[in-house]
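Working through the structure, step by step
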Amino acid sequence: MGRIVKVDCHSGYTYAERPVSVEIDDQKMEITKIRAESRTPTGRKFKVQISDGREIDLVYIENKDEWEMSE
């Protein structure tokens with residue numbers, strides 16, 4: 001299980017179409033590239049690159065309305 005984070009995302013037709021930034025340890029990091037996206041039984045999953053160069057996974061858990069991050 002990952003840790004809960006705050007994510008700002010682009011929402012058009014549905015919520016969480018594309019994450020644009022994530023807050024990690026009280027620091028807002030821009031998402032510079034979406035490497036992959038998929039659908040899981042609990043929601044949407046994105047493999048992204050953030051502005052400090054790290055790649056992380058972000059999962060939106062729909063029934064909890066929460067974002068989880070794992071490195």
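Just so we're clear, the structure is a prediction, and the values are computed from it rather than from any experiment.

Topic: the confidence of the model for the protein
Across the protein, the average pLDDT comes to 92, with 99% of residues at 70 or higher. Within the protein, the element-level pLDDT minimum falls on strand β1 (residues 3-10), averaging 93, and the maximum on strand β3 (residues 27-39), averaging 96.

Observations concerning the side chain of Arg44
Tracing the chain through its elements places Arg44 in strand β4 (residues 43-50). In terms of polar contacts, Arg44 uses its side chain to reach the side chain of Glu37, at 2.5 Å. The contact partners of Arg44, leaving out residues within four places of it in the chain, are Ala16, Glu17, Glu37, Ser38, Arg39, Leu58, Val59 and Tyr60.

So, the nonpolar core
Most often, soluble globular proteins have nonpolar side chains that are buried together. Core analysis: the largest hydrophobic core is formed by 15 residues, its most contacted members being Val22, Ile50, Ile56, Leu58 and Trp67. Looking at this core, the elements that each hand over two or more residues are β1, β2 (18-24), β3, β4, β5 (55-61) and β6 (66-70).

Reading the values: the criteria
Chains are numbered independently. Their residues run from 1 in the order of the written sequence. A pLDDT threshold of at least 70 governs which residues receive local features in this predicted model, and a stricter bar of 80 or more applies before side-chain atom pairs are shown or counted, although totals over entire chains, interfaces and linings include all residues. Heavy atoms from the whole structure form the basis of all side-chain values; hydrogens and water molecules are not counted. The predictor attaches a confidence to each residue, and that confidence, scored 0 to 100, is pLDDT. The way it works is that DSSP assigns letters per residue, a run of H or I at least four long becomes a helix, a run of E at least two long becomes a strand, and they are numbered from the N terminus. Under this definition, polar contacts are N or O atom pairs within 3.5 Å; protein pairs additionally need one hydrogen-donor-capable and one acceptor-capable atom, and for neighbouring residues in sequence, both atoms have to be side-chain atoms. The criterion used for residue contact is that any of the two residues' heavy atoms lie within 4.5 Å. Among buried residues, the Ala, Val, Leu, Ile, Met, Phe, Trp, Tyr and Cys ones that are joined through side-chain atoms within 4.5 Å form a nonpolar core. Note on classification: 1.4 Å probe, protein chains only; a residue is buried when its accessible area is under 20% of the maximum for its type, exposed when over 50%, partly exposed between these limits.

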